[in-house]
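# Geometric and topological summary
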Amino acid sequence: MNQINASVPLLGFAAFSGTGKTTLLEAMLPKLVERGLRVAVIKHAHHNFDLDEPGKDSYRLRKAGASQMLISSRYRRALISETPTAEATLPYLITQLDQTQLDLILVEGFKTLNFPKIELHRQIINKPWLYQDDINIIAVASDTKAETTLPQISINDIDQLTDFVVQFSRQSQQPQLKVARGDDIPLQGMLSVEQGRQRILTHIKTIDNPQTVELKQALGQIVHTDILSPVNVPQHTNSAMDGYAIRSQDINLNSYTVVGQVLAGHHYPHPLQTGEAVRIMTGAPVPQGADTVIMREQAHQDGDTVTFNLAMGAIKAGQNVRLAGEDLALNHVAVAKGQVITAPELGMVASLGLNEITINTPLRVAIFSTGDEVQAPGEAQRQNCIYDSNRYSLFALLTRLGCEVVDLGIIEDSESVLEATLHQASQQADMILSSGGVSVGDADYIKTVLDKLGHINFWRINMRPGRPLAFGHINDVPFFGLPGNPVAVMVTFLQFVEPAIRKQQGYQNWQPQTYTAIATESLRSRIGRTEYLRGYFNWDANGRLTVKTVGSQGSGILRSMSEANCLIEIPPQQEHAYIGDKVTVIPLDIRL
């Protein structure tokens, strides 16, 4: 994730073309230098440009094919990099500066990014004010009065503007950056992904519905109550390997008398005496008085006498012995409430002698699809209709989460049928999911029914795919209205429905699994919107986790979801990810 993070104050100048940004900076820079500030300038150019003249050596070498040309002299140096496929981001450009030699970074351009800026405005340009849509603007420099409480400076008063910049640069800390089009301020009435998720989770309650089941039935379910160990594990102090058990106070003896043998499941009935040893097998209880085991490979037994080869290692008191309760003590928590039962937990509970587990009863989730244009697989396809894939994707996703699915089929575009279906679902299920019918054009139709039965909000989430989303309650049962496009259904399920289900199930502090990977291709998004690209990640020859996109990224193309093993998340504050940039990937663990 490319955060705008500078160790020295960062200040931008935002303006439309023709306002005179460069002219103003050219006039102000000498005054800033006179005040003792070491200043760097980052300029964003929207066109091709050259730093060296045709005919110069550096120009000739770069044109000959050098992708990076480093020119150095006694007085200055410059690195010229060819970037034909991807434009550098501001965070990356900042990393190229030696900030230990700077007091201030000024930025010309990048006006849509989120960092402190001064707006430059000239009335003759006849362009709208920028401060009205960008709360990162901290002051306005103009030749006309603005209707704002922000500090205002005459754009023609270079000294006053310099004073403001110097004051900004000498603040003890960089001001906390505000997000103009991110998680705090909806863009054009939209919610961010994080806003939507948090609003949903505040209205989701854990369902307390215990059920005691046999061990095998508990696999994949959530533990309702702490499982306490009824025994010490291991039950007895035992040997960690095949060998000979002795007393640690006899370590310095030259030889020992073998007085017996003990196998796993048996024991030696007498306390061990001075100079005695017992041949012992892995897992067998250590005889009373013994506390050290020497491995068989280090021993030489001749009749009833055993000696140990110290050249293979010195004998240490307590070696190769597992103490009773070392793994798990009596009445200690073996499996905690809220933990999922997987293979290790199932085996551990069995090892304690328990044959039942009290779990949270599996959630019942009702699903249905809407629309006269949707028909079931297996039917002869009607003209202008599509087969319903969404219920099958949702069935798989829910089954993976240990839910019991109540499939209500395809609901026709009828107010009475929809009302009856929703009422039925609220009586049978702990959650209700529908797909289709929540876009702007459809919302008024469904809203009439939903308003009768409960309270539902129709949201536009600033993400792609999956913008339309409905959420609320029907007779106190959580309801999600998901988009109709197949990929959008799966993405919105993973981002909003799964966290809600995990909370209902009783998971403790559940978080989705994410990794950081290196992009092997340029990825584009849009500032202010969270983008989820279908991707494929793997380890390259250098041991790095890398990722690339797969297939068409259209929200209706389910094949790309089948080919992908992850979602690539491009956050709202990031417009591009270039080759070599780090990006967040969300593994698609969606196959049973």
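The structure reproduced in this document is the subject of the present report. Remember, it's a predicted structure, so these values are computed and weren't measured experimentally.

## Quick word on the overall build of the chain
Within the chain, the secondary structure is distributed over eleven helices and 36 strands. For the chain, restricting intrachain contacts to residue pairs at least 6 apart in sequence, the fraction spanning at least 24 positions comes to 68%.

## A short note on the packing of aromatic side chains
Enumeration according to the criterion identifies six aromatic pairs in this entry. Between Trp459 and Phe471, the ring centres sit 6.2 Å apart and the planes meet at 35°, which makes this aromatic pair tilted. Residue Trp459 is located in strand E26 (residues 454-460), and its partner Phe471 is located in strand E28 (residues 468-474); the two are separated by twelve residues in the primary sequence. Accessibility assignment for this pair places Trp459 and Phe471 in one class, buried. An angle of 50° between the planes, with centres 5.0 Å apart, marks the rings of Phe471 and Phe480 as tilted.

## Details of the pattern of salt bridges
Tallying each qualifying case throughout the model produces 17 salt bridges. Across the pair Lys452 and Glu415 runs a salt bridge, and its minimum N-O distance is 3.3 Å. Highlighted residues: Lys452 in helix H9 (residues 440-453) and Glu415 in helix H8 (residues 415-428), separated in sequence by 37 residues. On the basis of relative accessible area, Glu415 is assigned to the partly exposed category, the value being 32%. Residues Glu498 and Arg502 are paired through a salt bridge, measuring 3.3 Å at the closest nitrogen-oxygen approach. With a gap of four residues between them, Glu498 and Arg502 both fall in helix H10 (residues 486-505), about one helical turn apart. Bridged by salt links that share partners, the residues Asp388, Arg391 and Asp407 form one connected network.

## Looking at the sheet that holds strand E2 (residues 39-43)
As summarised here, the arrangement of the six strands in space is E2-E5-E1-E6-E7-E8, forming an open sheet in which the pairing is parallel. Looking at strand neighbours, the two that pair on one side only are E2 and strand E8 (152-154), the edges of this open sheet. Neighbouring strand axes in the sheet, compared pairwise and without regard to direction, differ in orientation by 25° on average. Two elements, strand E7 (residues 137-142) and E8, share three bridges in a ladder whose sense is parallel. Following the sheet pairing, Val140 is matched in E8 by Gln152.

## Section: the packing of helix H7 (residues 390-400) against H10
Direction vectors running N to C along H7 and H10 enclose 30°, while the axes themselves pass 11 Å from each other. Classed by the angle they form, the pair H7 and H10 counts as roughly parallel. Seen from above, H7 lies across H10 with right-handed handedness. Residue-level contacts link Asn390, Ser393, Leu394, Leu397, Leu398 and Arg400 of H7 to Pro486, Val489, Met490, Phe493, Leu494, Glu498, Ile501 and Arg502 of H10. Across the contact of H7 with H10, the residue classes tally to nine nonpolar, two polar and three charged.

Criteria and cut-off values
- Residues numbered from 1 in each chain as written.
- Predicted model: local features only at pLDDT ≥ 70, side-chain atom pairs only at ≥ 80, totals over all residues.
- Heavy atoms only, no water.
- Helix = DSSP H or I, 4+ residues; strand = E, 2+ residues; numbered from the N terminus.
- Contact = heavy atoms within 4.5 Å.
- Phe/Tyr/Trp six-rings, centres within 6.5 Å; stacked < 30°, edge-to-face > 60°.
- Buried < 20%, exposed > 50% of the residue type's maximum accessible area, 1.4 Å probe, protein only.
- Salt bridge = Lys/Arg side-chain N within 4 Å of Asp/Glu carboxyl O.
- Pairing = 2+ DSSP bridges.
- Axes fitted to C-alpha atoms, helices over the stretch in contact; angles between N-to-C directions.
- Parallel < 35°, antiparallel > 145°, perpendicular 65-115°, else oblique.
- Left-handed = near helix turned anticlockwise from the far one by under 90°.
- Nonpolar A, V, L, I, M, F, W, Y, C, P; charged D, E, K, R; others polar.

Scope: geometric values only; no functional claims are made or implied.
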